[in-house]
Amino acid sequence: MADIDYTGGNWGCAGRLKITDREKIPAGRYFDEDFFKLEAEHVWGHAWQMACRLEQIQNIGDWVDYEILGKSVIVIRTAEGVKAFHNHCRHRGVPLTDGPHGNCKTKGFICPFHGWRWNMNGESTFVYGKQMFSPELLEKDELALRPCRVETWGGCAFINFDDDATSYRNSIGPVLGRLEAHGMDNLRAEWWFGTVLPANWKIAMEAFMEGYHVMKTHPQLQHTVPMLYNTRYGMDTGGSGAPVNPELSAHENILAQFEHLKLLHSGMAGMVCAKELDIAGQLLDVVLPENPAEALPVWYHLVQEQITRRLRAKGEKVPDLNAVAVSDPVNAVEFLFPNYFLLPFFTGMSSYRIRPLGPESCLFEIWSLAPFAPGEEPAPPMRPTMLPYDSQDFPLIPRQDYSNIPLQQKGLHSKGFEFARLAKNVEGLISNYQRLIDAYIDGVPGEILARANNELGGNFDGKIVDLGLGGL
Ligand code: FES
């Protein structure tokens, strides 16, 4: 990728925190107030953000209030499609919503201060005491709610505060097509949890950018199929892990795989769906090649074939799992910059969104997504079930992840800790993400940011790569 000539933005006091070595991430980037302000302006002011799930706004007039760093956007379903408006009254700025969601089809939006009104298309419908205002202040265009960029993809609405931002699809790139092939558009939310973590939003994101932490953070997963993780991380061999244990028979290897699937299902309260686990459990005694290395792919192929066939027979819109595994392979975690990522498995996915609340605090949300036959979709969760981050009510795997994140935030302040040091071939996504953030702060043009961002799709567990960002 050709380098650009890039001169850098106005970093002020935070200039010392700019990345100068791709394998080292300065600690202050996770708590420095000045750096946080730069991110707020240059990243959150210009990047696409997942604002809501579309099942939250199924009916005409349904709206959701999306909030980020003091800004608020109304995302609304209209007869013309999904629209978004900056959430302020055109008189003196009061927000127009009175909660996180609602329906405005009948009454529109009514400002609680002096009662001005708008319809769902953002058009002014009532101004009390019009005669008191200069006419030019009340012209139709002046009074219309200010639209915000919004696009829909993957069962979600995404907003952008930058009116000139490149489209969501161009910004994120080919990973969107791969996730679509896996049925992303047809999934529905089963549940939605939220918690506030005492950590910078990037610390929370980066906890999911590599699988290197599984051995210590999620030992139950590593214990069931140790070869899978040891081959990848513990033996310095590189390449994909082989889930086969040569000391076990083919049948014993299959049983270990099934235990792994069960742990993923119970540990995530989803991701591997219960109906898929049930199908896999019915296939434990099929006749397979005696060689475990041959038996395992045959078994997985059979499981995916049966999941596809049986769920389709129930009317669920699911992809041909074996076909998309070849045509559109996806990673264990797929990141959509800056703060949304997905954990696809067979037909289900877990979905994560992390929003900054301050330099050392973030709102961490998880949705469990699964396919459903028409008419069998669950009622959409309209707001997250909020729990303390150490609540035992969280599924095991997120609970284990949450246990590390606040500790890491604390350690970053320790005297003598100057930077995080990265494994360049496995923790590369952390470096790549952080350098893309620097490019946003530097004011790199949108099309170049998009090109760099496209490189991040599929970079889970990946290498530090050249993003075509000049010195970065
Ligand atoms: Fe909204 Fe006055 S501030 S009507």
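Residues numbered from 1 in each chain as written. Predicted model: local features only at pLDDT ≥ 70, side-chain atom pairs only at ≥ 80, totals over all residues. Heavy atoms only, no water.

A. Molecular detail of the sheet that holds strand β9 (residues 124–126). Reading across from one edge, β7-β8-β9 is the order of the three strands in this open sheet, with antiparallel pairing throughout. The outermost strands of the open sheet, each flanked by one partner alone, are β7 (109–110) and β9. One ladder, built from two bridges, connects strand β8 (residues 117–118) with β9; its direction is antiparallel. Counterpart to Trp-118 in the pairing with β9 is Ser-124. (Pairing = 2+ DSSP bridges. Helix = DSSP H or I, 4+ residues; strand = E, 2+ residues; numbered from the N terminus.)

B. View of the state of the cysteines. Applying the stated criterion across every chain, the model contains zero disulfides. Of all cysteine sulfurs, the one in Cys-52 lies closest to Cys-104, which takes part in no disulfide; the gap is 13 Å. (Disulfide = S-S within 2.5 Å.)

C. Geometry of the sheet that holds strand β6 (residues 101–103). Spatial strand order, β5-β4-β3-β6: four strands in an open sheet with antiparallel pairing. Each edge of the open sheet is held by one strand with a lone partner, namely β5 (81–86) and β6. Neighbouring strand axes in the sheet, compared pairwise and without regard to direction, differ in orientation by 25° on average. Relative to β5, strand β4 (residues 71–78) runs antiparallel, the two being bridged by six bridges. When the bridges of β5 are listed, Ile-74 appears paired with Phe-85. (Axes fitted to C-alpha atoms, helices over the stretch in contact; angles between N-to-C directions.)

D. Fine view of the nonpolar core. Grouped together as the largest cluster of nonpolar side chains are 103 residues, with contacts concentrated most on Val-75, Ile-159, Trp-299 and Phe-335. Among the elements that make up this core, the one with the highest residue count is helix α14 (residues 428–441) (eight residues). Sequence-distant contacts of Val-75, that is, excluding residues within four places in its chain, are made with Ala-51, Cys-52, Ile-57, Asp-62, Trp-63, Val-64, Val-82, Lys-83, Ala-84, Val-150, Ala-157 and Ile-159. One finds Trp-48, Phe-158, Met-184 and Leu-369 within the second-largest nonpolar core, a separate group that totals 21 residues. (Core = buried A, V, L, I, M, F, W, Y, C linked by side-chain atoms within 4.5 Å. Buried < 20%, exposed > 50% of the residue type's maximum accessible area, 1.4 Å probe, protein only. Contact = heavy atoms within 4.5 Å.)

E. Representation of the pattern of salt bridges in the model. All chains considered together, the criterion is met by 16 salt bridges. For the salt bridge of Asp-442 with Lys-18, the shortest nitrogen-to-oxygen distance reads 3.2 Å. Placement of Asp-442 in the loop between α14 and α15 (446–456) and of Lys-18 in the segment before β1 (24–26) is noted, with a sequence separation of 424 residues between them. Under the relative-accessibility criterion, Asp-442 is labelled buried at 9%. Lys-18 gets classed as partly exposed once you look at its relative accessible area, which sits at 24%. Where salt bridges share partners, they join Arg-53, Glu-55 and Arg-188 into one cluster. (Salt bridge = Lys/Arg side-chain N within 4 Å of Asp/Glu carboxyl O.)

F. Molecular detail of a negative patch on the surface. A cluster of like negative charges, contributed by Glu-136, Glu-139, Asp-141 and Glu-142, occupies part of the molecular surface. With respect to the element layout, Asp-141 can be found in helix α2 (residues 140–143). The exposure class assigned to Asp-141 is exposed, which follows from its relative accessible area of 60%. (Patch = residues over 30% accessible without salt bridge, like charges linked within 9 Å, V, L, I, M, F, W, Y side chains within 5 Å. Areas by Shrake-Rupley, 256 points an atom, 1.4 Å probe, with all protein chains shown as cover. Lys, Arg positive; Asp, Glu negative; His and termini not counted. Charge placed at Lys NZ, Arg CZ, Asp CG, Glu CD.)

G. Quick peek at helix α8 (residues 226–234). Among all positions in α8, only Tyr-229, Thr-231 and Arg-232 are buried. Viewed along the axis of α8, the buried residues span an arc of 165°, placing them on a single side of the element. (Arc of directions from axis to C-beta.)

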